[in-house]
Amino acid sequence: AQTVTQSQPEMSVQEAETVTLSCTYDTSESDYYLFWYKQPPSRQMILVIRQEAYKQQNATENRFSVNFQKAAKSFSLKISDSQLGDAAMYFCACPSIQGAQKLVFGQGTRLTINP
Amino acid sequence: NAGVTQTPKFRVLKTGQSMTLLCAQDMNHEYMYWYRQDPGMGLRLIHYSVGEGTTAKGEVPDGYNVSRLKKQNFLLGLESAAPSQTSVYFCASRGAARGYTFGSGTRLTVV
């Protein structure tokens with residue numbers, strides 16, 4: 001079965017500093033997407049960033065970037081210049097192989113921003 | 001606004017009662033999914049659908065049933081609620097560009 005592992009249940013960072021959240025996954029696909037979602041206290045699942053596995057270049061969205069290591073099956077999220085509004089649960093997700101592309105989620109990392 | 005709408009947002013049930021959660025999307029997406037989220041366990045797939053009239057089991061299907069009679073709606077049913085089904089339920093849909101859209105969730109408490 002496909003698995004996604006986030007080994008950091010909780011992380012904290014000082015406001016304006018940089019933090020990296022880790023994620024490893026297991027898939028037998030050669031072409032796939034990887035996702036990071038943010039879930040604030042409102043519960044809404046918000047897409048932070050998406051990486052296409054066949055692209056060598058790491059995805060970037062403003063202060064958010066990824067370090068995608070395909071061979072190692074590692075997909076970490078870097079948040080630069082952390083802001084108070086970044087405090088949330090962060091989930092890494094990978095679609096299952098073939099068929100309905102069901103998203104498989106990691107257990108999540110709770111990020112706290114210290115003012 | 002286009003998106004995924006879940007109703008209700010909150011519900012308290014007594015053990016043994018039944019209820020249906022409604023998910024509606026207006027993006028003409030083929031694929032729809034129901035997840036549950038429990039503390040410390042991320043989101044787990046309950047059932048999913050690859051198109052109108054189709055449904056399939058996910059990772060944790062026991063105690064739930066689903067129906068997709070219309071393309072835009074995906075219903076999740078609990079026939080006889082149990083305290084173990086206390087959770088937050090999310091519906092999602094996926095379009096051709098591999099983008100997933102989530103509803104805002106339903107918090108269900110079974111007492």
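Figured I'd write up the structure that's included with this text. None of the values given here were measured: they were computed from a predicted structure.

Turning our attention to the interface of chain B and chain A. Of the residues lining the interface, 26 residues belong to chain B; the matching set on chain A comes to 20 residues. Interface area, chain B with chain A, both sides summed: about 1,800 Å², of which 52% is carbon and sulfur. Applying the counting criterion to the chain B and chain A interface returns 0 salt bridges. One can count 4 residue pairs in polar contact (both at pLDDT 80 or more) joining chain B with chain A.

Quick look at the nonpolar core now. Ranked by internal contacts, the top residues of the largest apolar core, which has 25 residues, are Tyr25(A), Trp36(A), Phe75(A), Leu77(A) and Tyr90(A). Taken together, the elements giving at least two residues each to this core come down to strand 3 (19-21), strand 5 (33-39), strand 6 (46-52), strand 8 (64-69), strand 9 (74-79), strand 10 (88-95) and strand 12 (109-114) of chain A. It is strand 10 of chain A that contributes the most residues to this core, 4 residues altogether. For Tyr90(A), the residues in contact, after removing those within four places along its chain, are Gln6(A), Leu21(A), Trp36(A), Tyr37(A), Lys38(A), Val48(A), Phe64(A), Leu77(A), Ile79(A), Gly108(A), Thr109(A) and Leu111(A). Counting 20 residues, the second largest nonpolar core, distinct from the first, contains Met89(A), Ala100(A), Tyr100(B) and Phe102(B).

The next point concerns the pattern of salt bridges. Side chains bearing opposite charge may pair, as long as their charged atoms lie close to each other. This model, assessed by the stated rule, comprises 6 salt bridges over all chains. The residue Arg63(A) makes a salt bridge to Asp86(A) at a minimum N-O spacing of 2.8 Å. Within this pair, whereas Arg63(A) is found in the loop between strand 7 (60-61) and strand 8, its partner Asp86(A) is found in the loop between strand 9 and strand 10, the two being separated by 23 residues in sequence. One salt bridge in this structure joins Arg36(B) and Asp38(B), with 3.0 Å as the shortest N-O distance. By relative accessible area, which is 12% here, Asp38(B) ends up buried. Ionic contacts of the salt-bridge type, sharing partners, join the residues Arg36(B), Asp38(B) and Arg44(B) into one network.

All names here are of chain A. Pairing geometry for strand 5 and strand 6, over 6 bridges, is antiparallel. Along strand 6, the bridge assignment pairs tyrosine 33 with glutamate 52. The hairpin turn running from strand 5 into strand 6, its antiparallel successor, is 6 residues long, and arginine 43 in that turn takes a positive phi close to 80°.

Right, let's talk about unusual backbone geometry for a bit. Residue Pro8(B) is reached from Thr7(B) by a cis peptide bond, and omega for that bond is -5°. Within the fold, Pro8(B) resides in the loop between strand 1 (4-7) and strand 2 (10-13). At Ala16(A), a residue that is not glycine, the phi angle is positive and equals roughly 80°. Here Ala16(A) shows up in the loop between strand 2 (10-14) and strand 3. Here Asn28(B), not a glycine, exhibits a phi torsion of approximately 60°, which is positive.

Conventions and cut-offs
- Residues numbered from 1 in each chain as written.
- Chains lettered and ligands numbered in written order.
- Predicted model: local features only at pLDDT ≥ 70, side-chain atom pairs only at ≥ 80, totals over all residues.
- Heavy atoms only, no water.
- Contact = heavy atoms within 4.5 Å.
- Buried area = accessible area lost by both parts, 1.4 Å probe.
- Salt bridge = Lys/Arg side-chain N within 4 Å of Asp/Glu carboxyl O.
- Polar contact = N/O pair within 3.5 Å; in protein donor to acceptor, adjacent residues only side chain to side chain.
- Core = buried A, V, L, I, M, F, W, Y, C linked by side-chain atoms within 4.5 Å.
- Buried < 20%, exposed > 50% of the residue type's maximum accessible area, 1.4 Å probe, protein only.
- Helix = DSSP H or I, 4+ residues; strand = E, 2+ residues; numbered from the N terminus.
- Pairing = 2+ DSSP bridges.

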